[in-house]
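Remarks on the overall topology
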Amino acid sequence: MNNAIPPATESADRKLRAILVDTLALEEERVSGFEDDTELFGAIPELDSQAVMGLLTEIEDHFGFIIDDEDVDGEMLETYGALLRFVMHRRPG
């Protein structure tokens, strides 16, 4: 059984981590330690309601899709893994 992360997921993971570093002015070392269950919204002071808009805009720009208002909910921003899964599901092929 191969437990390697698929290249597309690994690429999206690196890109999403870079967006979090740039948008929220977080330390790279901190973000590199994010696990699937690392809490985001409500747990990271830098990710407040104003920062969410900037983060979503950067995700749209870097991944090439539009995030509709109805797509944004607490679950999507609850953990790093939830945000990565959202990106993986929404990004173009």
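Bear in mind the structure is a predicted one, so any value in this text is a computation, not a measurement. Residue indices follow the written sequence of each chain, beginning from 1 at its first position. Totals for whole chains, interfaces and linings use all residues, but because this is a predicted model, local features are given only for residues with pLDDT of at least 70 and pairs of side-chain atoms are given and counted only at 80 or more. As a convention, hydrogens and water are excluded, and side-chain values are obtained from all of the structure's heavy atoms.

1. Quick look at the overall build of the protein
On a plain count of helices and strands, the protein comes out with four helices and zero strands. Its C-alpha atoms give the protein a radius of gyration of 13 Å, within 12% of the compact-globule value 12 Å for 93 residues. If one aligns the C-alpha atoms of the protein with their principal axes, the spans along those axes are about 40 × 30 × 20 Å. Note on classification: 1.4 Å probe, protein chains only; a residue is buried when its accessible area is under 20% of the maximum for its type, exposed when over 50%, partly exposed between these limits. Per-residue burial over the protein gives 35% buried out of 93 residues. The contact criterion used is simple: two residues touch if any of their non-hydrogen atoms lie within 4.5 Å. For the protein, contacts bridging at least 24 residues in sequence account for 58% of all contacts bridging at least 6. Split by element, the accessible area of the protein, about 5,900 Å² in all, is 48% carbon and sulfur. Separation of charge centres in the protein, based on 7 positive and 22 negative side chains, amounts to 7 Å. To qualify as a helix, a DSSP run of H or I must reach at least 4 residues; to qualify as a strand, a run of E must reach at least 2; elements of each kind are numbered from the N terminus. In this setup the radius of gyration rests on C-alpha atoms only. A globule is expected at 2.2 Å times the number of residues raised to 0.38. Exposure was quantified through the Shrake-Rupley algorithm and a 1.4 Å probe, taking into account, for residues, occlusion by the shown protein chains and nothing else. Two residue types count as positive, namely Lys and Arg, and two as negative, namely Asp and Glu; His and chain ends fall outside the count. Taken as the charge location is NZ of Lys, CZ of Arg, CG of Asp or CD of Glu.

2. Observations concerning the environment of glycine 33
Its location among the elements puts glycine 33 in the loop between α2 (28-32) and α3 (49-63). For glycine 33, a relative accessible area of 42% gives the class partly exposed. Ignoring anything within four residues of it in the chain, the contact list for glycine 33 reads Arg17 and Thr38.

3. Examining the side chain of glutamate 60
Mapped onto the elements of the fold, glutamate 60 is located in helix α3. A carboxyl oxygen of Asp or Glu within 4 Å of a side-chain nitrogen of Lys or Arg is what we treat as a salt bridge. No salt bridge is formed by the buried glutamate 60, whose closest oppositely charged neighbour, arginine 90, lies at an N-O distance of 7.4 Å. Sequence-distant contacts of glutamate 60, that is, excluding residues within four places in its chain, are made with Phe65, Ile66 and Ile67.

4. Examining the nonpolar core
We call a set of buried residues a nonpolar core when its members are Ala, Val, Leu, Ile, Met, Phe, Trp, Tyr or Cys and they connect through side-chain atoms within 4.5 Å of each other. Within the largest apolar cluster, 27 residues are counted, with the highest numbers of intra-cluster contacts made by Leu16, Phe34, Leu47, Leu55, Ile59, Phe63 and Leu83. Contributing elements (two or more residues each) for this core: α1 (7-24), α3 and α4 (80-90). Residues in contact with phenylalanine 63, not counting those within four places in the same chain, are Ala12, Lys15, Leu16, Ile19, Val87, Arg91 and Pro92.

5. Notes on the pattern of salt bridges
Counted by the stated rule, this structure contains five salt bridges. Here aspartate 71 and arginine 90 are joined by a salt bridge, their closest N and O atoms 2.4 Å apart. Of this pair, aspartate 71 sits in the loop between α3 and α4 while arginine 90 sits in helix α4; the two residues are 19 residues apart in sequence, bridging distant segments of the chain. Note on aspartate 71: relative accessible area 21%, which makes it partly exposed. By relative accessible area, arginine 90 is classed as partly exposed at 25%.

6. Quick look at α3
Taking 1.5 Å per residue as the helical rise, α3 with its 15 residues ought to reach 21 Å, and the 21 Å between its terminal C-alpha atoms agrees with that figure. Every buried residue of α3 is listed here: Ala51, Val52, Leu55, Leu56, Ile59, Glu60 and Phe63. Directly beyond the C-terminal end of α3, a positive phi value near 75° is found at glycine 64. The length a helix should cover is 1.5 Å for every residue beyond the first.

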